[in-house]
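A look at the structure
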Amino acid sequence: MDWQELTDLTHGQAFVVERVRLAGNGVAIEGQFEPPQLAQLSADDQVFVAAFVRSHGSIKEMERIFGVSYPTVKSRLNRIAERLDFVDTDPAPTGADVVDRLQRGEISVQEALAELERSR
């Protein structure tokens, strides 16, 4: 069974994978594993995301591939984005980072305290 069949079978409901077998050596791992977020999307949405990546994020190319308008592509991307958690690309500095910068004289005591307060 492939991911597309699995996502069709689950109809968007949450599921847990309980057994994984490595095809190359037959090793099996049992437990409870959540599938990756992209695998939890519908098969159609997975195809849409793959096409978006292959087109290097070109909405114009997506319009051409799917025969839809710019607003339709944007709407679908927004709907898919709502289902995905994003990695924080600007995480708060750790306390150790703040102290290091303070010791190097890059920030004042007041700035260090402010950053530590924001990171709580």
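These numbers come from a predicted model, not from an experiment.

1. Here we look at the confidence of the model for the protein
Here the protein averages 87 in pLDDT, while 94% of its residues score no lower than 70. Highest mean pLDDT in the protein belongs to helix α4 (residues 59-66) (96); lowest belongs to helix α1 (residues 3-10) (76).

2. Observations regarding helix α3 (residues 43-54)
Think of an α-helix as turning once every 3.6 residues; residues three or four places apart then point the same way. Under the 1.5 Å per step criterion, the end-to-end length of α3 is 16 Å for twelve residues, consistent within 8% with the ideal 16 Å. Taken together, the buried positions of α3 are occupied by Ala43, Asp45, Phe48, Val49 and Ala51. Backbone geometry just downstream of α3 places histidine 56 in the positive-phi region, at approximately 60°.

3. Observations regarding the nonpolar core
Counting ten residues, the largest nonpolar core is built from Leu41, Phe48, Val49, Ala51, Ile59, Met62, Val73, Leu77, Ile80 and Leu84. The contacts of valine 49, once residues within four sequence positions are left out, are Leu38, Leu41 and Ile80.

4. Comments concerning the packing of helix α6 (residues 95-103) against helix α7 (residues 109-118)
Axes are the key here: two packed helices are described by the angle between their axes and the distance separating the axes. One can describe the packing of α6 onto α7 by two numbers: an axis separation of 10 Å at closest approach and a directional angle of 170°. Considered as vectors, α6 and α7 are oriented roughly antiparallel to each other. Taking contact as the criterion, the partners of Gly95, Val98, Arg101 and Leu102 in α6 are, on α7, Val109, Ala112, Glu115 and Leu116. Broken down by class, the residue content of the contact of α6 with α7 amounts to five nonpolar, one polar and two charged.

5. Observations regarding the pattern of salt bridges
One pass over the structure, following the stated rule, counts seven salt bridges. Close ionic contact of glutamate 30 with arginine 19 constitutes a salt bridge, the shortest N to O distance being 3.3 Å. Pair noted here: glutamate 30 is in strand β2 (residues 28-33) and arginine 19 is in strand β1 (residues 17-21), with a separation of eleven residues, a long-range link. For glutamate 30, a relative accessible area of 63% puts it in the exposed group. Here glutamate 106 ties to arginine 104 by a salt bridge, and the two come within 2.8 Å at their closest N and O atoms. Here the residues in one salt-bridge network are Arg101, Arg104, Glu106 and Glu115, joined through shared partners.

6. Remarks on the layout of surface pockets
Taken as a whole, the largest pocket holds about 170 Å³ of empty space. Lining the largest pocket are 13 residues, and of these Gly12, Ala14, Gln37, Gln40 and Arg83 lie nearest its centre. Of the residues that constitute the lining of the largest pocket, the class distribution is five nonpolar, five polar and three charged.

7. Section: the packing of α4 against helix α5 (residues 70-82)
At a minimum axis distance of 9 Å, the contact between α4 and α5 shows a crossing angle of 105°. Comparing the axis directions of α4 and α5 gives the class roughly perpendicular. Across the interface between the two elements, Ile59, Met62 and Glu63 of α4 pack against Tyr70, Val73, Lys74 and Leu77 of α5. The residue makeup of the contact of α4 with α5, split by class, is five nonpolar, no polar and two charged.

What counts, and at which threshold
Residues numbered from 1 in each chain as written. Predicted model: local features only at pLDDT ≥ 70, side-chain atom pairs only at ≥ 80, totals over all residues. Heavy atoms only, no water. pLDDT = per-residue confidence, 0-100. Helix = DSSP H or I, 4+ residues; strand = E, 2+ residues; numbered from the N terminus. Expected span 1.5 Å × (residues − 1). Buried < 20%, exposed > 50% of the residue type's maximum accessible area, 1.4 Å probe, protein only. Core = buried A, V, L, I, M, F, W, Y, C linked by side-chain atoms within 4.5 Å. Contact = heavy atoms within 4.5 Å. Axes fitted to C-alpha atoms, helices over the stretch in contact; angles between N-to-C directions. Parallel < 35°, antiparallel > 145°, perpendicular 65-115°, else oblique. Nonpolar A, V, L, I, M, F, W, Y, C, P; charged D, E, K, R; others polar. Salt bridge = Lys/Arg side-chain N within 4 Å of Asp/Glu carboxyl O. 1 Å grid on protein atoms, 1.4 Å probe; cavity = no way out; pocket = protein on both sides within 12 Å on 5 of 7 lines; lining within 4 Å. Points joined across faces, edges and corners; volume = space filled by probe spheres on them.

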